[in-house]
Amino acid sequence: MKQLSDLAFFSELVRHDSLASAAVAFDVTPPAVSRRLAALEKRLGVRLLHRSTRRVGLSAEGERYLAEGAQILRQIDALEATLRAGQDTPRGLLRVNASLGFGRKHVAGVVSAYQAEFAQVEVILELTDHPIDLIEGGFDLSVRFGEPPDQRLIAQKLASNRRVLCAAPAYLARAGVLESPADLTRHDCLVIRQENHTFNNWPLRNGRQETTVKVHGPVSSNDGEVAVQWALEGKGVLLRSEWDIQQELKTGALVRVLPDWAGAPADIFAVCPYANPMPAKTREFIRVTRQVLASKAGFGV
């Protein structure tokens, strides 16, 4: 009986002829029912039932509380039914966050594919140039590189992603080939200044071998697309996520440099505020994202 709201308690109570019969239905003692009713009437400041030792009857205030309360209970039932249905069928509003470059190039297409399959979901895609607080911002999901440090969030891997070294053939013809990571120190390198990381320290891996090279170059930017354009113009060596330069590598406009070496892992994750169970709208967006990325070159699983 403690789990029942006052409205639900009263609605069930008046279905019985007496407090004693109501107590049987609630599986409590008649005094417990009487105390619950008295506490409710005290809180409302009105008498809801006229009662004798054998029967109970509604007061005018009780009739109003019952009638309007029944309508509220129906609305609550409908709301809860909708929420339960949302666990099985995607519906409602889905707010998604992603980075500017990756969002424009890939997540926008995911949203189109998702919405074509689940027309009952309205999707808001917000692109930002830095990670945001999903809980404070009210987001259902964010597509990010790397797992989140915030333990309030859960992450599911969407695709593998590598940061690779590349340059335009014209630059390599002019500046010479590289044989080891140490050679980067004598080359022009196109560095990207992002967040608070030390932008010109490039951590590299080759299997179990790891090294960090302090690089330099004539130009730098906080925008990855600008750095890619400079690389295409032959201005230097670039360390960039494979997803961003897959087309340029395919056409030969850029070529891999030191192909046995790659930057620190930058796998792609769907990051969500903790939810158990996860709503169907979010779960299905993750599925569609995996499918779309798997169909494109440059992404592993």
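One can find the structure itself at the top, above this paragraph.
In what follows, the accompanying structure is described. Treat the numbers as computed from the prediction; the structure is a model and nothing was measured. (Residues numbered from 1 in each chain as written. Predicted model: local features only at pLDDT ≥ 70, side-chain atom pairs only at ≥ 80, totals over all residues. Heavy atoms only, no water.)

Axis separation between helix α5 (residues 100-117) and helix α10 (residues 280-294) bottoms out at 9 Å; the angle between their running directions is 120°. With respect to their mutual orientation, α5 and α10 come out oblique. When you trace α5 past α10, the crossing you get is right-handed. Across from Phe102, His106, Val107, Val110, Val111, Ala113, Tyr114 and Glu117 in α5, the residues of α10 making contact are Lys281, Glu284, Phe285, Arg287, Val288, Thr289, Val292 and Leu293. (Axes fitted to C-alpha atoms, helices over the stretch in contact; angles between N-to-C directions. Helix = DSSP H or I, 4+ residues; strand = E, 2+ residues; numbered from the N terminus. Parallel < 35°, antiparallel > 145°, perpendicular 65-115°, else oblique. Left-handed = near helix turned anticlockwise from the far one by under 90°. Contact = heavy atoms within 4.5 Å.)

Within a beta sheet, neighbouring strands are joined by backbone hydrogen bonds and run either parallel or antiparallel to one another. Spatial ordering of the open sheet is given by β4-β3-β5-β15-β6, a layout of five strands whose pairing is mixed. The sheet terminates laterally at β4 (121-128) and β6 (153-159), the two strands that pair on one side only. Taken over all neighbouring pairs, the strand axes of this sheet differ in orientation by 25° on average, direction set aside. The pairing of strand β5 (residues 141-145) with strand β15 (residues 268-273) spans four bridges and is antiparallel. Opposite Val143, over in β15, you have Ala270 as the bridge partner. Packing against the sheet, α5 makes contact with β3 (92-99), β4, β5 and β15, and its axis sits at approximately 175° to β4. Along the sheet, α10 makes contact with β3, β4, β5, β6 and β15, crossing β6 at roughly 25°. (Pairing = 2+ DSSP bridges.)

With their axes 10 Å apart at the nearest point, α5 and helix α9 (residues 242-251) run at an angle of 60° to one another. Considering their axes alone, α5 and α9 lie oblique with respect to each other. Across the interface between the two elements, Gly101, Phe102, Lys105 and His106 of α5 pack against Trp243, Asp244 and Gln246 of α9. Residue composition of the contact of α5 with α9, grouped by class: two nonpolar, three polar and two charged. (Nonpolar A, V, L, I, M, F, W, Y, C, P; charged D, E, K, R; others polar.)

Geometric values such as these leave the question of function open.
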